[in-house]
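Descriptive analysis of the structure
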Amino acid sequence: MPNASSWSATSPLLLLWEDSGTRIFLSLLYAVLAISGTLSNVMVIYLVFSFKKLQTTSNAFIVNGCAADLGVCALWMPQEAVLGLLPPNSSSLRSPEYRLLRGGLLGLGLTVSLASHLLVAFNRYVLITKLPSVYQALYQRRHTACMIGLSWALALLLVPLLPGLWTPGSAAQPSPRPRDGGSGYTGLLLALAVLGQTALLLHCYLGIVRRVRGSAKRVSVLNFHLLHQLPFPAAPPPPRRAQRRLSSVSVLLLCCVFLLGTQPLVWVSLMGFFVRPAPPALQAASWLLLCALSALNPLLYTWRS
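Because the structure is a prediction, the values reported are computed rather than measured.

1. Things to note about the overall build of the protein chain
Counting secondary structure elements, the protein chain contains nine helices and zero strands. Written out in order from the N terminus, the α and β elements of the protein chain read α-α-α-α-α-α-α-α-α. Sequence separation of at least 24 residues holds for 76% of the intrachain contacts in the protein chain that already meet a minimum separation of 6. Carbon and sulfur atoms form 70% of the exposed surface of the protein chain, whose accessible area is close to 14700 Å².

Now the structure itself:
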């Protein structure tokens, strides 16, 4: 069991457990996620830049998310894996500068990654539900570059202004009177931001499903050349009913994985603000699920491509 007195906003995620066997297991888990996430994100970026056919607007947002996830998998997770093998009273865990660096890396990567999820969803929503002229006017090259730049600017703005926002344990670990302290409001802000982003993402994907399933004429847009990144076989083209069914399954899978990765932290944070702090193990598990999305995102968007 974790030592409650050692769990704090400055602790590495899921790693300050008294049982050395548990810490070693979790360190190996981080190592596996770091290696698999780094390889998959690098592969997606390499393929998009290597093949002109894959250089579409939607894939630009996917590559943006992969670059952010690469920071989490290649820079942040290996540090957590190593720190999990150190004793809880190690000086490395107590250095405020090093804790700030780890929190900044995690915050930058997760903020841009979540923003990229929304950019991909909105891009596909406009592509399928609006006229091609509307899509082409909205997603010109300079507009796409501005959207990607804004996602990084937002992350760079939030990381120094809210240093505790992306610190594992702090958002869901408010003081006994959360309304009098900043940590409780930080957790509430985190939960509301992720909830808002999730609502917009679900609106986009459910709108896609309704349009594809409800209008046989609009199904022909699936042959639009910018939709090659969607999970449909290139040739031979399946019947329209099969296309609609495959699109629905793909959207459902993406939404389920996204909800599984983000919602536990949302409700743990809300519980910590309005009721009482959740058990340390539950807090840690919710953060691990959110961070694991960085390793799963490349597979999530390319599993049928």
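2. Side note on the layout of surface pockets
The space that makes up the second largest pocket amounts to roughly 400 Å³. Around the second largest pocket sit 14 residues that line it, and Q55, T56, T57, A60 and R141 are the ones nearest its centre. Tallied by class, the residues present in the lining of the second largest pocket amount to seven nonpolar, six polar and one charged.

3. Quick notes on helix α1 (residues 20–50)
An α-helix turns once every 3.6 residues. As a result, residues three or four positions apart point the same way. Taking 1.5 Å per residue, 31 residues should reach 45 Å; α1 reaches 44 Å between its end C-alpha atoms and fits that length. Looking only at α1, the buried set comprises R23, L26, S27, Y30, L33, A34, G37, S40, N41, V44, I45 and V48.

4. Description of the pattern of salt bridges
Applying the stated rule across the entire model yields one salt bridge. The partner of R102 in a salt bridge is E80, and the shortest N-O contact between them spans 2.9 Å. Of the two residues, R102 sits in helix α4 (residues 96–129) while E80 sits in helix α2 (residues 57–83), which places them 22 residues apart along the sequence. A relative accessible area of 5% places R102 in the buried class. Residue classification places E80 among the buried residues on the basis of a relative accessible area of 1%.

5. Topic: the packing of aromatic side chains
Scanning all chains against the criterion turns up four aromatic pairs. A centroid spacing of 6.0 Å and a plane angle of 70° characterise the contact between F61 and Y139, whose relative ring orientation is edge-to-face. In this pair, F61 is assigned in helix α2 and Y139 in the loop between α5 (132–138) and α6 (141–161), connecting sequence segments 78 residues apart. Here the two residues F61 and Y139 agree in accessibility, since each one is buried. Judged by centre distance (5.0 Å) and plane angle (35°), the rings of Y135 and Y139 are tilted. An aromatic cluster of at least three residues, connected via ring pairs, comprises F61, Y135 and Y139.

6. Here's the deal with a nonpolar patch on the surface
Together, M43, Y46, L47 and F51 line one region of the surface with nonpolar side chains, adding up to about 410 Å² of accessible area. Locating Y46 in the fold gives a position in helix α1.

7. Quick look at the nonpolar core
W76, M77, L106, L110, Y205, W287 and C291 are the most contacted members of the largest nonpolar core, which totals 55 residues. Among the secondary structure elements, those contributing two or more residues to this core are α1, α2, α4, α7 (182–214), α8 (240–274) and α9 (280–302).

8. Some thoughts on the confidence of the model for the protein chain
On average, residues of the protein chain carry a pLDDT of 77, and 71% of them reach 70 or more. Segment residues 170–182: pLDDT under 50, and 32 contacts once partners within four positions in sequence are set aside and those in other chains are kept. This stretch, residues 216–239, has a pLDDT under 50; its non-local contacts, to residues over four places away or in other chains, come to 45 contacts.

9. Description of empty space enclosed by the protein
If you walk through the whole model with that rule in mind, you get two cavities of 30 Å³ or more. Every residue along the wall of the second largest cavity is listed here: F61, I62, G65, C66, D69, S113, S116, H117, V120, N297 and Y301. Among the elements that line the lining of the second largest cavity, the one with the most residues is α2, at five residues.

10. Looking at the packing of α1 against α9
It is at 9 Å that the axes of α1 and α9 come closest, and there the two elements cross at 35°. Like other packed secondary-structure pairs, α1 and α9 cross with a definite hand, here left-handed. Residues L29, Y30, L33, S36, G37, S40, N41 and V44 of α1 form the contact with α9, whose participating residues are L288, A292, S294, A295, P298 and T302. Of the residues belonging to the contact of α1 with α9, the class tally is eight nonpolar, six polar and no charged.

Conventions and cut-offs
- Residues numbered from 1 in each chain as written.
- Predicted model: local features only at pLDDT ≥ 70, side-chain atom pairs only at ≥ 80, totals over all residues.
- Heavy atoms only, no water.
- Helix = DSSP H or I, 4+ residues; strand = E, 2+ residues; numbered from the N terminus.
- Contact = heavy atoms within 4.5 Å.
- Areas by Shrake-Rupley, 256 points an atom, 1.4 Å probe, with all protein chains shown as cover.
- 1 Å grid on protein atoms, 1.4 Å probe; cavity = no way out; pocket = protein on both sides within 12 Å on 5 of 7 lines; lining within 4 Å.
- Points joined across faces, edges and corners; volume = space filled by probe spheres on them.
- Nonpolar A, V, L, I, M, F, W, Y, C, P; charged D, E, K, R; others polar.
- Expected span 1.5 Å × (residues − 1).
- Buried < 20%, exposed > 50% of the residue type's maximum accessible area, 1.4 Å probe, protein only.
- Salt bridge = Lys/Arg side-chain N within 4 Å of Asp/Glu carboxyl O.
- Phe/Tyr/Trp six-rings, centres within 6.5 Å; stacked < 30°, edge-to-face > 60°.
- Patch = residues over 30% accessible without salt bridge, like charges linked within 9 Å, V, L, I, M, F, W, Y side chains within 5 Å.
- Core = buried A, V, L, I, M, F, W, Y, C linked by side-chain atoms within 4.5 Å.
- pLDDT = per-residue confidence, 0-100.
- Axes fitted to C-alpha atoms, helices over the stretch in contact; angles between N-to-C directions.
- Left-handed = near helix turned anticlockwise from the far one by under 90°.

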